[in-house]
Amino acid sequence: GGGGGGSDWNAWGGKGGEPQKIRQTDGWKLFVGGLPMDCTEAEMRTVFATYGEVTKCHVMPPHGSSGRVAAFVYYATEQAGDDAVKVLNGLYKIRQDADAPIQVKWATEKSQGGGKGDFGKGD
């Protein structure tokens, strides 16, 4: 006999599983992209505080060639991050005159695909 079990292997089915979320000492880390060049930390906090307590916000300098700006937002709770992703990602425009909505997603430990991962200097 034996050899049973194993029948629940497909319990994880669906859309490739949940994104892996990162919890750091500062909180639950979200990546935000597609921001205007002059976007400020205060502006980010105002928007993201709607969904929960923002423990830290770091706006990165504009990318050399594209001029795109990205930021990291840290939430005190995972739920706040979930809500922000659901409501803002691909939908919300930080500025009325922005040509495209912002991207909001769970930050990944290492950026998949190219890019030289030398963020995090300074601070």
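Criteria and cut-off values
Residues numbered from 1 in each chain as written. Predicted model: local features only at pLDDT ≥ 70, side-chain atom pairs only at ≥ 80, totals over all residues. Heavy atoms only, no water. Helix = DSSP H or I, 4+ residues; strand = E, 2+ residues; numbered from the N terminus. Contact = heavy atoms within 4.5 Å. Phe/Tyr/Trp six-rings, centres within 6.5 Å; stacked < 30°, edge-to-face > 60°. Buried < 20%, exposed > 50% of the residue type's maximum accessible area, 1.4 Å probe, protein only.

Note on placement: V69 falls in strand 4 (residues 69-75). In the structure, V69 is positioned 33 residues away from P36 in sequence and 6.3 Å away in space, judged by C-alpha atoms. V69 has contacts with V32, G33, G34, L35, P36, M37, V59, M60 and P62, leaving out every residue within four places of it along the chain.

The next point concerns the environment of A49. Position of A49 relative to the elements: it lies in the loop between helix 1 (41-48) and strand 3 (54-59). Considered as a pair, A49 and V73 are 24 residues apart in the sequence and their alpha carbons are 9.9 Å apart. Sequence-distant contacts of A49, that is, excluding residues within four places in its chain, are made with V54 and Y75.

What the rule picks out here adds up to 2 aromatic pairs. Measuring from centroid to centroid gives 6.2 Å for W28 and W106, while their planes differ by 80 degrees, and the two rings are edge-to-face. Residue W28 is located in strand 2 (residues 27-35), and its partner W106 is located in strand 5 (residues 103-106); the two are separated by 78 residues in the primary sequence. For the pair W28 and W106, one class covers both residues: buried. Between F31 and F72, the ring centres sit 5.9 Å apart and the planes meet at 65 degrees, which makes this aromatic pair edge-to-face. Taken as a pair, F31 in strand 2 and F72 in strand 4 lie far apart in primary sequence, 41 residues in all. Overall, F31 belongs to the partly exposed group, its relative accessible area being 22%.

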